[in-house]
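Structural description and commentary
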Amino acid sequence: MNKAIKYILRITALTILVMLNATTAKSQIDAQYSQYWAIPGYYNPAAIGRTDFIDIHAIGRLQWVGIDNAPQGLTAQADMPFKFLDKRFATGLALHQESAGLFSTLNIGVQLAFIKQNFFKGQLQIGIQAGIINQTFKGSEVILPGDDDYHEGTDDAIPTNDIAGSSLDLNIGAFYTHKWFWTGISIMHITSPKITLSQESNTEQYYEFATDRTFYLMGGSNIPIKNTLIELQPSFLIKTDTNFFTGELTARARYKKFITGGLSYRWKDAVSIMVGAEFKNISVGYSYDYPLSNVSKGTSGSHEIFVGYKVKLDLREKNKNKHKSIRIM
């Protein structure tokens, strides 16, 4: 990446920090995964426990490879269905960690969903997630340009020590699964939690981030092609905070329920190519994004790797009228 682009990115980041001194800044903390269809529970807490399996999966993303301090993220999730008072529920645990420049974000949440089977020939789920968001900023690594006539090399509005803060977070959603399609809607960060970053030794000087309330709509289908071993799996994801909007459209095909390949387009942002495979209880996937914006001048693209593992559960009704064999009575 050339020096001019590096300089622009540095100044942009520092400008944002200067604004923090006067007002509360808005931030987006959710990752934009190209393989969103593989981890719907990350975007919607209702999309857990959809099958009789303990489902464990993780996805990692390297954003804009070639650009120094570009975003890197890792999301891990585990969920499972269970029965309580003859009703079906699901529980899950979601963890997301992302770093971008001097910022680092950790989001941990516990999920609970109610499952209504045989709902209009499908399965309806209502879910909630409660957790915590923690953010840190490595002020000790801030480097201010001071070798020209426009910068002094110091700025009281920019922290020069490491600062951190956390806040409670709440998400809700609904998810519907049918034989031929699935769809879900969710609201993430319902309360727009404010995260106050400060030093433990100096709470008088602080910086605030307000996490945007974000709306998600997603859906997909599974369409078998007659007299072949191929299934078409189109899907989409729409995301907005009412000020910012992005949408993604994906077209995949699966052969013999084993090999998957496809293409994806993210609105005015990137195109992606992806491949995947499923073998018994293990699934893996990879996607490569090529940016369509000017950032393509400094990067070779973005990479994602997905890994999943599932274990079958037995949720059948137990025989409540057990009795001993007449031979041993």
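Shown above is the structure to which this text applies.
Scope of this entry: the structure provided in the associated data block. Residue positions within a chain follow its written sequence, with the count starting from 1. Thresholds applied to this predicted model are a pLDDT of at least 70 for local features of residues and 80 or more for the giving and counting of side-chain atom pairs; totals over whole chains, interfaces and linings are not thresholded and use all residues. Where side-chain values are given, they derive from all heavy atoms of the structure, hydrogens and water being excluded.

Going along the chain from the N terminus, every DSSP run of H or I of four or more residues is numbered as a helix, and every run of E of two or more is numbered as a strand. Among the secondary structure elements, glycine 101 is positioned in the loop between β4 (87-100) and β5 (103-119). Sequence separation of glycine 101 and proline 71 is 30 residues, and the distance between their C-alpha atoms is 7.0 Å.

The subject of this paragraph is the environment of aspartate 169. Here aspartate 169 shows up in strand β7 (residues 162-178). Relative accessible area decides the class of each residue, using a 1.4 Å probe on protein chains only: under 20% of the type maximum gives buried, over 50% gives exposed, and in between gives partly exposed. Its relative accessible area of 5% is what places aspartate 169 among the buried residues. With 62 residues separating them along the chain, aspartate 169 and asparagine 107 place their C-alpha atoms 8.6 Å apart. Between two residues, a contact is recorded if the distance between any of their heavy atoms is within 4.5 Å. With near-sequence residues (within four places) excluded, aspartate 169 lies in contact with Asn107, Gln129, Ala130, Gly131, Ile132, Ile133, His189 and Pro193. There is a polar contact of 3.0 Å between the side chain of aspartate 169 and the side chain of histidine 189. Side-chain atoms alone can form a polar contact between residues adjacent in sequence; in general such a contact is a pair of N or O atoms within 3.5 Å, and within protein one must be able to donate a hydrogen while the other accepts it.

A word on the pairing of β7. Between any two strands, pairing holds if DSSP finds at least two bridges. Where strand β6 (residues 122-138) and β7 come together, 17 bridges link them in antiparallel fashion. When the sheet's bridge partners are listed, glutamine 125 is paired in β7 with phenylalanine 175. As defined by bridge partners, β7 adjoins strand β8 (residues 181-188) across 6 bridges and the pair is classed as antiparallel. Residue pairing across strands places isoleucine 172 opposite isoleucine 187, the latter belonging to β8. The loop that links β7 with its antiparallel partner β8 comprises 2 residues.

Given two aromatic rings, one states the distance between the centres and the angle between the planes to describe the pair. Pairs were defined over the aromatic rings of Phe, Tyr and Trp, the Trp ring being its six-membered one, requiring ring centres within 6.5 Å. Orientation was assigned from the angle between planes: stacked under 30 degrees, edge-to-face over 60, tilted for the rest. Taken as a whole and assessed by the stated rule, the structure comprises 11 aromatic pairs. Look at phenylalanine 82 and phenylalanine 89: their rings are 5.7 Å apart centre to centre, the planes differ by 20 degrees, and that puts the pair in the stacked class. The exposure class assigned to phenylalanine 82 is partly exposed, which follows from its relative accessible area of 26%. With a centroid separation of 5.3 Å and an interplanar angle of 85 degrees, the aromatic rings of phenylalanine 103 and phenylalanine 209 are classed as edge-to-face. With phenylalanine 103 in strand β5 and phenylalanine 209 in strand β10 (residues 202-211), this pair connects stretches of sequence that are 106 residues apart. For phenylalanine 209, a relative accessible area of 7% gives the class buried. Grouping aromatic residues by their ring pairs yields a cluster made of Tyr33, Tyr42, Tyr43 and Tyr216. The rule is short: NZ of Lys or CZ of Arg within 6 Å of the ring centre and within 35 degrees of the ring normal puts a charge over the ring. Between lysine 310 and the ring centre of phenylalanine 53, over which it is positioned, the NZ or CZ distance is 4.9 Å.

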